Amino acid sequence: MSWQDKALWLEKITKRMMLIVGALGVIVIYGGFFFLLFTGRSVAVIPWFFLLSPWICIYFGLTQVQQANVIKWFIKKVKK
């Protein structure tokens, strides 16, 4: 196995792990956020960047083409 094949394999595994960590982060962090919100407790203990961080993991777990499509979609939504 050449170093290029190893690098591609490592990139593939890293991206897959980012997707898994991001998806689990969305479930756990947003689950906790909504639990606190609906039980009437303060959600001030959760900084805004905790709510954003799983989406960053998901974004970097996507392929470059998918990342470009996400950016185009986001720009289209913001310009409306």
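Student: Please clarify how the packing of aromatic side chains should be interpreted in this entry.
Tutor: Each pair of aromatic rings is reported with the distance of its centres and the angle of its planes. Throughout the structure, instances matching the rule amount to seven aromatic pairs. Consider the rings of tyrosine 30 and phenylalanine 34, whose centres lie 6.3 Å apart with planes at 40°: the pair is tilted. Separated by four residues within a single helix, tyrosine 30 and phenylalanine 34 lie in helix 1 (residues 3-38), roughly one turn from each other. Residue classification places phenylalanine 34 among the partly exposed residues on the basis of a relative accessible area of 38%. Measuring from centroid to centroid gives 6.3 Å for tyrosine 30 and tryptophan 55, while their planes differ by 75°, and the two rings are edge-to-face. Residue tyrosine 30 is found in helix 1, and its partner tryptophan 55 is found in helix 2 (residues 48-61); the two are separated by 25 residues along the sequence. Look at tyrosine 30 and you get partly exposed, because its relative accessible area is 21%. For tryptophan 55, a relative accessible area of 44% translates into the label partly exposed. Through successive ring pairs, a cluster of aromatic residues spans Tyr30, Phe33, Phe34, Phe38 and Trp55.

Student: Any chance you could explain the packing of helix 1 against helix 2 here in plain terms?
Tutor: Geometrically, a packed helix pair is captured by the angle between its two axes and the distance between the axes. Running from N to C, helix 1 and helix 2 point in directions that differ by 160°, and their axes come no closer than 7 Å. Classified by the interaxial angle, the pair formed by helix 1 and helix 2 is roughly antiparallel. Where helix 1 crosses over helix 2, the two elements pack in a sense that is left-handed. When helix 1 is examined against helix 2, the residues Lys15, Met18, Leu19, Val21, Gly22, Ala23, Gly25, Val26, Ile29, Tyr30 and Phe33 are found in contact with a partner set consisting of Phe50, Leu51, Ser53, Pro54, Trp55, Cys57, Ile58, Phe60 and Gly61.

Definitions and cut-offs
- Residues numbered from 1 in each chain as written.
- Predicted model: local features only at pLDDT ≥ 70, side-chain atom pairs only at ≥ 80, totals over all residues.
- Heavy atoms only, no water.
- Phe/Tyr/Trp six-rings, centres within 6.5 Å; stacked < 30°, edge-to-face > 60°.
- Helix = DSSP H or I, 4+ residues; strand = E, 2+ residues; numbered from the N terminus.
- Buried < 20%, exposed > 50% of the residue type's maximum accessible area, 1.4 Å probe, protein only.
- Axes fitted to C-alpha atoms, helices over the stretch in contact; angles between N-to-C directions.
- Parallel < 35°, antiparallel > 145°, perpendicular 65-115°, else oblique.
- Left-handed = near helix turned anticlockwise from the far one by under 90°.
- Contact = heavy atoms within 4.5 Å.

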